[in-house]
Amino acid sequence: NNFNMVKQEDFAVEQFMDKYETKIEWNMAETCTASLSFNELFELIPDKSVSQSLQQKVFDTRLTYGHIKGSPELKQAIAQLYNDEGGSITADDIVITNGAIGANFLTLYAIVDQGDKVIVVNPTYQQLASVSRVFSGASENIIPWNLNFEDNYLPNLDELQNLVDTHNPKLVIINNPNNPTGVVWGHTIMEKIVGICSAKGIYILCDEVYRPLYHSTDDKPKSIVNYGYEKTISTSSTSKAFALAGLRLGWIVTKDQDIIQKLYSKRDYNTISVSAIDDMLATVALSNYKHILARSYDICQTNLQILEKYIDSTPLLSWVKPKGGSTCFVKVNIDNIDTMDMCVELVEKYKTLIVPGEVFDNKKGYLRIGFGNSTQDIKQGLARLSEYFESKGY
């Protein structure tokens, strides 16, 4: 058994953000909704006794490893996120991880073996394709399912059927709402994807870290695990929709108990347990998630209006207006523009951070703008973008 592991490629978007985000004033690269402090969270929660009892609990708890698999209270709060839309998720269907990044990694570690074929939606968060590539052992085992600007980034289901028939994959990976485009695939589309995969017994991993940020659509899909097909897996965290990235708390949800066992078997090697403090804080936050979500909706809708007005008023940019999440993928209508150079100049001369399309499988000529951050960041960032365009005579 000669196991050849593919060399791990660099994580382009994370490295770009790490390199530049300390050098700027205006952040339009941030993908989380404006991060909360717990004092701000307590202001959102009507029950004023919550802060007192949490404070007591945090300081009274002995910092052992705690619940190795996550506290029952935390799992109950996570289950509610799925069951409020009619799901039947129980604590046994939930694995707690270190953020959604940990959830995705652990899922791919547990499912993808050498030689397995994996279909991955493109563009998407690079981790999903890169880590799959490492565990499958060869680049050609990872098959992109491409979304196009011209199709409003909606999926071509005939193409999916064709890819499935041709490659016979073990796993199909999607993400909904999509990062970087902010597009939401609605209920019917999701049903059809489940239909195509269930006919062949293929696993579906849906990165749902931006769910349920469905702030601009009435066609709200259910979580992938709520479509009645057992071989579906949802990953998520407190970071994006719930504005608490610093908790580093994520989860995997699946009804497939065989996968749950595999996840726990691998988890012993890379997690042991998450922080007992994060567990407690996340339990309180997620038990009150509707208050956080209302704030997130408000921020996203406000900033999206500002962004829409700006893009509509300049022929230099066009977009597919996002229906959910907190990111959008904007097309720059300038021939042969090097958007990487553009974004570096925006940092160095204009103190403004935007992510170039180059870090999404080399989508040159596109920009990912995050609109979940403070409204001030968006307004000031767009003003700097105008200055950049003027300086170039566009």
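First things first, this report covers the structure right here in the doc. (Residues numbered from 1 in each chain as written. Predicted model: local features only at pLDDT ≥ 70, side-chain atom pairs only at ≥ 80, totals over all residues. Heavy atoms only, no water.)

Considering the pairing of strand 6 (residues 203-207)
Regular strands place side chains that alternate from one sheet face to the opposite one. Most of strand 6 is tucked away, with five of its five residues classed as buried. Side chains Tyr203, Leu205 and Asp207 of strand 6 all project onto a buried face; the interleaved residues Ile204 and Cys206 project onto the opposite face, where all are buried too. Note: strand 5 (residues 171-175) against strand 6, five bridges, orientation parallel. Bridging from a neighbouring strand, asparagine 175 pairs with aspartate 207 of strand 6. Taken together, strand 5, helix 8 (residues 187-198) and strand 6 constitute a β-α-β crossover, and its handedness is right-handed. Here strand 6 runs beside strand 7 (residues 232-237); their pairing, made up of four bridges, is parallel. (Buried < 20%, exposed > 50% of the residue type's maximum accessible area, 1.4 Å probe, protein only. Helix = DSSP H or I, 4+ residues; strand = E, 2+ residues; numbered from the N terminus. Pairing = 2+ DSSP bridges. Right-handed = clockwise from strand over helix to strand, strands pointing away.)

Focus on unusual backbone geometry
Across the junction of asparagine 122 and proline 123, the peptide omega takes the value 5°, indicating a cis bond. Tracing the backbone through its elements, the reader meets proline 123 in the loop between strand 3 (118-122) and helix 6 (126-136). The omega torsion of the bond from asparagine 176 to proline 177 falls at -5°, within 30 degrees of zero and hence cis. Here proline 177 is to be found in the loop between strand 5 and helix 8. The residue asparagine 152 is not glycine, and still its phi comes out positive at about 55°. With respect to the helices, strands and loops of the structure, asparagine 152 is situated in the loop between strand 4 (142-146) and helix 7 (157-167). Look at asparagine 152 and you get partly exposed, because its relative accessible area is 43%.

Overview of the nonpolar core
Residues Ile174, Trp185, Ile193 and Trp251 are the most contacted members of the largest nonpolar core, which totals 135 residues. Per-element accounting of this core gives the leading share, nine residues, to helix 11 (residues 289-313). Each residue touching tryptophan 185, except ones within four places of it in the same chain, is listed here: Val121, Trp145, Leu147, Tyr153, Leu154, Pro155, Ile174, Asn176, Met190, Ile193 and Pro221. (Core = buried A, V, L, I, M, F, W, Y, C linked by side-chain atoms within 4.5 Å. Contact = heavy atoms within 4.5 Å.)

Regarding a nonpolar patch on the surface
Judged by side-chain polarity, Tyr65, Ile68 and Ile272 come together as a nonpolar surface patch covering roughly 290 Å² of accessible area. Its place among the elements puts isoleucine 68 in the loop between helix 3 (49-60) and helix 4 (72-83). In this structure isoleucine 68 comes out as partly exposed when scored by relative accessible area, which is 37%. (Patch = residues over 30% accessible without salt bridge, like charges linked within 9 Å, V, L, I, M, F, W, Y side chains within 5 Å. Areas by Shrake-Rupley, 256 points an atom, 1.4 Å probe, with all protein chains shown as cover. Salt bridge = Lys/Arg side-chain N within 4 Å of Asp/Glu carboxyl O.)

A word on helix 5 (residues 99-111)
With 13 residues, helix 5 should cover 18 Å at 1.5 Å per step; its first-to-last C-alpha distance of 19 Å lies within 8% of that length. Of all 13 residues making up helix 5, ten are buried, and the element is well covered by its neighbours. Every buried residue of helix 5 is listed here: Gly99, Ala100, Gly102, Ala103, Asn104, Leu106, Thr107, Leu108, Ala110 and Ile111. (Expected span 1.5 Å × (residues − 1).)

Regarding the sheet that holds strand 9 (residues 317-319)
The strand order across the open sheet formed by four strands is 9-10-13-12, and the pairing between neighbours is antiparallel. Both outer strands of the open sheet, strand 9 and strand 12 (355-356), are each paired with one neighbouring strand and no more. With two bridges joining them, strand 12 and strand 13 (residues 366-370) adopt antiparallel strand pairing. Across the sheet, residue valine 355 finds its bridge partner in strand 13, namely arginine 368. Where helix 11 meets the sheet, it contacts strand 9, strand 10 (327-332) and strand 13, and its direction lies at approximately 130° from that of strand 9. (Axes fitted to C-alpha atoms, helices over the stretch in contact; angles between N-to-C directions.)

Digging into the environment of aspartate 258
Following the sequence through the fold, aspartate 258 ends up in helix 9 (residues 257-270). For the pair aspartate 258 and lysine 231, spaced 27 residues apart in sequence, the C-alpha to C-alpha distance is 9.7 Å.

Topic: the packing of aromatic side chains
Following the criterion strictly, the structure yields 15 aromatic pairs and no others. Seen from their ring centres, tyrosine 350 and tyrosine 388 are 6.3 Å apart, and the 85° between their planes marks the pair as edge-to-face. Here tyrosine 350, found in helix 12 (residues 339-350), pairs with tyrosine 388, found in helix 13 (residues 375-391); they are 38 residues apart in sequence, far enough to count as distant. Assessed through its relative accessible area of 12%, tyrosine 350 is described here as buried. (Phe/Tyr/Trp six-rings, centres within 6.5 Å; stacked < 30°, edge-to-face > 60°.)

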